[in-house]
Amino acid sequence: MSHTQKVVILDFGSQVTQLIARRIRESGVYSEVHPCNTDPAKIRALNPSALVLSGSPFGVRDEGAPGLPQAILDLNLPILGICYGMQLLAHELGGSVVASSEREYGRATFSVTKDCPLWDGLADPAKTTVWMSHGDRVESLPPGFESIGSSGSIPFAAMADEGRKIYALQFHPEVAHTEDGSLILRNFLFKVAKLKPTWTMASFVEESVAAMRAQVGGGKVVLGLSGGIDSTVAAVLLNKAIGKNLSCIFVDNGLLRMHEREEVIGFLAEHFDLNVKCVDAADLFLSRLAGITDPEEKRKIIGHTFIEIFDQEAQAIKGVEFLAQGTLYPDVIESCSFRGPSAVIKSHHNVGGLPETMKLKLVEPLRELFKDEVRAVAAEMGLPEHIIWRQPFPGPGLSIRVIGEVTPERLDILRRADKIVQHELVASGWYRKVWQGFAVLLPLKTVGVMGDDRTYEHVIALRVVDSLDAMTADWSRLPSELLASMSNRIINEVKGVNRVVLDISSKPPSTIEWE
Ligand code: XMP
């Protein structure tokens, strides 16, 4: 998509580079992260309105430390250097950088030493809390620069060459601990670089629809609809762009939660006139899973069967040329980081292999968006809360929550228990506070007593976790009354269950799902 104004962030490898992009976008300016070793000609071709240089695990004097090509400086754009970005500017432009006597990490007090547009509106210019994380510091300023702020032991905690519109901060304005960080970033965007806040979700929808029409023309597109927020928003956007030339395929693998199929398809068909084909493949999936207890084998069977069915259905659509996917921006950045793709990419979480086997061209309407922006687009397009805030649900569905063999009877027990967990989370207001909450059916029976009778029945485990990105997670500290209510209801209402236990493990070393 072409954006009239964009800020390019050169990523030198900091853990929080993505946050800079998010903060800038929250201010209404489109922003993209590119590896610091991107060919300057490519950066120029992006036609940026301003540049931000990120932090880095390197020090500028380290061997192999990334530099700043002269061709980037020659673009004569407003520049904001952050942390390593500041040191790099000092180093490259004729100042000097030395190791600090001690590494400064965490909160620090920052004082403005010279008034400039970056500080407009600061609550207390003499004393504002900032977040630092650096071992090196700028010792002498490059020609043309002056100090605009200091902090504790470091005299040059911020510097500027106002004539060239180059500003640099030793602290991180993008992290929440920096009191006026968002204000400082906005000042750079609007007062220094003189940009306009035109990046809104309404403008995204409009431009994305135009871009997809241009990409696809009169071609046909196929999309696998899972009911998750990403594929749903991708479908609704494409539907707006190309209408009936989009065919969605929803595969009911028999491993969905109670009423899930109706909730997903029913709503979309009713409100968006989507072209959805629902393939009822429950029998096929369940027959292939019969007798299988190994988690990896279950996952493989489900993955292969899904591809087989999707492929068949897609081939049946005459003249289909494109495959739409709900890839998000963090996946795009992750796979082209200058340090190479991260080892933590979860291959089993994506349906790999589809494009290669099907020879389809990809359409990825969300590849510029962060997850929270996808939610904002969903709201913009009128999707309801229950879709916007739907918790993640794994591709292999309930099969990895029925521990051991997956049978229709055991799925039925889990579905009924899970429905109660979902209901209780929503009714208590905890659904949106936790990352995920669900029930797991264990492969064992235990003794209980109901009335005067001894029972020997199934155990349900409750798994509810807090997380930011599913890479790490901790068990949610739900109120005991809520847990009691879940447990009582499950035991009273779900025939076949006489015991409920709570999973109190964190990830790592456990995982969120049990299989
Ligand atoms: P784990 O269990 O690895 O899960 O801690 C991390 C997150 O990923 C989800 N998950 C999956 N999502 N296909 C998916 O689309 C999968 O095969 C899959 N396995 C786990 C899980 O629900 C959690 O949000």
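Residues numbered from 1 in each chain as written. Predicted model: local features only at pLDDT ≥ 70, side-chain atom pairs only at ≥ 80, totals over all residues. Heavy atoms only, no water.

A. Molecular detail of the packing of helix α15 (residues 408-428) against helix α16 (residues 480-493). Between α15 and α16, the shortest axis-to-axis distance is 10 Å and the interhelical angle comes to 150 degrees. On the basis of their axis angle, the class for α15 and α16 is roughly antiparallel. Pair α15 / α16 crosses with right-handed handedness. From α15, R416, A417, I420, V421, H423, E424, L425 and S428 reach across to α16, where they touch L482, S485, M486, R489, I490 and E493. By residue class, the composition of the contact of α15 with α16 is seven nonpolar, three polar and four charged. (Axes fitted to C-alpha atoms, helices over the stretch in contact; angles between N-to-C directions. Helix = DSSP H or I, 4+ residues; strand = E, 2+ residues; numbered from the N terminus. Parallel < 35°, antiparallel > 145°, perpendicular 65-115°, else oblique. Left-handed = near helix turned anticlockwise from the far one by under 90°. Contact = heavy atoms within 4.5 Å. Nonpolar A, V, L, I, M, F, W, Y, C, P; charged D, E, K, R; others polar.)

B. Here's a closer look at helix α5 (residues 181-192). In this model α5 runs 15 Å from its N-terminal to its C-terminal C-alpha over 12 residues, within 8% of the 16 Å that 1.5 Å per residue would give. Contact partners of the buried residues in α5: β1 (6-11), α1 (17-26), β3 (50-53), β4 (79-82) and β9 (166-169). (Expected span 1.5 Å × (residues − 1).)

C. Broad picture of the domain arrangement of the protein. The assigned domain composition of the protein is domain 1 (7-192), domain 2 (201-388) and domain 3 (407-502). Each of domain 1 and domain 2 was reduced to a C-alpha centroid, and the two centroids are 38 Å apart. On the domain 2 side, the residues contacting the 17 residues of domain 1 number 12 residues. Across the domain 1/domain 2 interface, buried area totals approximately 1,200 Å², and carbon plus sulfur atoms make up 54% of it. Per-residue buried area on domain 1 facing domain 2 is highest for Q18, R22 and R25; these three make up 40% of the total on that side. Between the two partners, domain 1 and domain 2, sit two salt bridges. (Domains from an automatic or database assignment. Buried area = accessible area lost by both parts, 1.4 Å probe. Salt bridge = Lys/Arg side-chain N within 4 Å of Asp/Glu carboxyl O.)

D. Region of interest: the pattern of salt bridges. For the structure shown, the criterion picks out 27 salt bridges. We note a salt bridge from E260 to R390, for which the minimum N-O separation is 2.0 Å. On the criterion of sequence distance, the pair formed by E260 in helix α8 (residues 260-272) and R390 in the loop between α14 (385-388) and α15 is long-range, its members being 130 residues apart. Between R477 and D474 there is a salt bridge, with the nearest N and O atoms lying 3.2 Å from each other.

E. Local environment of unusual backbone geometry. Omega for the bond connecting K507 with P508 falls within 30 degrees of zero, at -20 degrees, which places this linkage in the cis form. Locating P508 in the fold gives a position in the segment after β18 (497-502). The step from P508 to P509 runs through a cis peptide bond, and the omega angle for that step is 5 degrees. Relative to the elements of secondary structure, P509 occurs in the segment after β18. The backbone of C83 sits at a positive phi, close to 55 degrees, despite the residue not being glycine. Within the secondary structure, C83 is located in the loop between β4 and α4 (84-92).

F. Quick look at the sheet that holds strand β12 (residues 276-280). The strand order across the open sheet formed by five strands is β12-β11-β10-β13-β14, and the pairing between neighbours is parallel. On the outer flanks of this sheet lie β12 and β14 (361-363), each paired with one strand and no other. Each neighbouring strand pair of the sheet contributes to a mean axis angle of 30 degrees, computed without reference to strand direction. In this structure, strand β11 (residues 246-252) lies alongside β12, joined through five bridges in parallel fashion. Bridge pairing in β12 places V251 opposite V279. Of the strands in this sheet, β10 (220-224), β13 (320-324) and β14 are in contact with helix α6 (residues 201-216), which crosses β14 at around 170 degrees. Of the strands in this sheet, β10, β11, β13 and β14 touch helix α7 (residues 229-242), which is tilted by about 165 degrees from β10. (Pairing = 2+ DSSP bridges.)

G. Representation of the packing of aromatic side chains in the model. Under the defined criterion, the tally for this structure stands at nine aromatic pairs. A centroid spacing of 5.5 Å and a plane angle of 70 degrees characterise the contact between Y105 and W131, whose relative ring orientation is edge-to-face. Taken as a pair, Y105 in strand β5 (residues 96-112) and W131 in strand β6 (residues 128-140) lie far apart in primary sequence, 26 residues in all. The exposed category is assigned to Y105, whose relative accessible area is 59%. With centroids separated by 4.9 Å and ring planes inclined at 65 degrees, the aromatic side chains of F110 and F171 adopt a geometry described as edge-to-face. (Phe/Tyr/Trp six-rings, centres within 6.5 Å; stacked < 30°, edge-to-face > 60°. Buried < 20%, exposed > 50% of the residue type's maximum accessible area, 1.4 Å probe, protein only.)

H. Focus on the sheet that holds β3. The strand order across the open sheet built from nine strands is β2-β1-β3-β4-β9-β8-β7-β5-β6, with neighbouring strands paired in mixed fashion. Bordering the open sheet on either side are β2 (30-35) and β6, each of which pairs with just one other strand. Looking at each pair of strands side by side, their axes are set apart by 30 degrees on average, direction ignored. Bridge count for β5 against strand β7 (residues 146-151) is three bridges, and the pairing is antiparallel. Bridge assignment links V112 to a residue of β7, and that residue is G149. Across the sheet, α4 lies against β3, β4, β5, β6, β8 (154-161) and β9, angled at about 115 degrees from β4, the strand it touches most.

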